[in-house]
2 protein chains.
Amino acid sequence: MAAPSKIILLAHGSSDRRWCETFETLAKPTLEAVAGSVVAYMELSEPGMETVVAEAAAEGYEHVTVLPLFLAAGRHLRKDVPAMIADMEARYRIAISLAPPVGENPQLGLAIRDVVEVTLANSTPAGANS
Amino acid sequence: MAAPSKIILLAHGSSDRRWCETFETLAKPTLEAVAGSVVAYMELSEPGMETVVAEAAAEGYEHVTVLPLFLAAGRHLRKDVPAMIADMEARYRIAISLAPPVGENPQLGLAIRDVVEVTLANSTPAGANS
């Protein structure tokens, strides 16, 4: 009755609304390209991951893939998020997979290099007025 | 007596050493491409930003560019890092510029889209055994 898998593009979240706005702009090409994808936050911002999972379960999805838009996996992705997922799987009777964070793909390292080179070329490294 | 500008690729830092290892792998293409670039951390990991700035000042650099490998600017990049920079500029008598985070460049959004598409194609969205 619904698409086979809901895709959560997981972000950390921030008390600063501008952080989320930048993040949502960054995620826009992905949201446009990937059917059934939405941004959700681990903490501090809305919608939270659980809100989206509850909606997906109510809409009849049987599976959710959580894909972290994180540069690297630390405590959050190794402990906190898996614990949240285990809890939501039991509560909403839905299967949830956790994909590796985008930063683990070497392609992202090449893109960062290109962006850094452009950023540095556009910045004025003049020694200020010291 | 030294290159005109030291480049700090700024990361958040983590108490999880594996986070830093993933991050350094991610930064490797940039470190190889950008002369005078090093990774430094805002907190929790070594080398800290101040360690690198102090070394740069001792080596005769007159200017440091801090380029955040962050996906978005929140409280850290809007308040904490500028305050740390103002303090270090006074203490080490060196000019420090703060560049926008890599996530503000739309090119990174396109790279994330490509990585997400590859990650989803490689993941097995089988509905587990529920």
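Report on the accompanying structure.

Scoring rules and cut-offs
- Residues numbered from 1 in each chain as written.
- Chains lettered and ligands numbered in written order.
- Predicted model: local features only at pLDDT ≥ 70, side-chain atom pairs only at ≥ 80, totals over all residues.
- Heavy atoms only, no water.
- Helix = DSSP H or I, 4+ residues; strand = E, 2+ residues; numbered from the N terminus.
- Contact = heavy atoms within 4.5 Å.
- Core = buried A, V, L, I, M, F, W, Y, C linked by side-chain atoms within 4.5 Å.
- Buried < 20%, exposed > 50% of the residue type's maximum accessible area, 1.4 Å probe, protein only.
- Least-squares fit on C-alpha atoms with pLDDT ≥ 70 in both.
- Pairing = 2+ DSSP bridges.
- Axes fitted to C-alpha atoms, helices over the stretch in contact; angles between N-to-C directions.

Quick word on the environment of Gly48 of chain B
All names here are of chain B. Among the structural elements, Gly48 can be located in the loop between strand 2 (37-41) and helix 2 (49-58). As for Gly48 and His12, which are separated by 36 residues in sequence, their C-alpha atoms are 9.8 Å apart. In this structure, Gly48 is in contact with Ala40 and Tyr41, ignoring residues within four places of it in sequence.

Considering the nonpolar core
Residues Leu69 and Val116 of chain A together with Leu69 and Val116 of chain B are the most contacted members of the largest nonpolar core, which totals 46 residues. Every element with two or more residues in this core is listed here: strand 1 (6-11), helix 1 (17-33), strand 2 (37-41) and helix 4 (106-122) of chain A together with strand 1 (6-11), helix 1 (17-33), strand 2 and helix 4 (106-122) of chain B. Leaving out residues up to four positions away in the same chain, Val116 of chain B has contacts with Leu9, Thr30, Val34, Leu67, Leu69 and Val102 of chain A.

Observations concerning the relation of the copies chain A and chain B
Turning chain A through 180° and shifting it by 0.0 Å along the axis lays it on chain B, with an RMSD of 0.0 Å. The two molecules are tied by a two-fold rotation axis, judged by turn and shift. Judged by C-alpha distance, Ala111 of chain A is the residue of chain A that lies nearest the rotation axis, at 3.1 Å. Same-surface contact between copies: 98% of interface residues of chain A are shared with the interface of chain B.

Examining the sheet that holds strand 3 (residues 63-68) of chain A
Residue and element names in this part refer to chain A. Taken together, four strands build an open sheet; the order of strands is 2-1-3-4 and the sheet is parallel. Either end of the sheet is taken by a strand with one partner, and the two such strands are strand 2 and strand 4 (95-98). Direction aside, the axes of adjacent strands within the sheet are offset by 30° on average. By the bridge criterion, five bridges tie strand 1 to strand 3 in an arrangement that is parallel. Counted as the bridge partner of Leu10 is Pro68 from strand 3. In the packing of helix 2 (residues 49-58) onto the sheet, contacts are made with strand 1, strand 2, strand 3 and strand 4, and the angle to strand 1 comes to roughly 175°.

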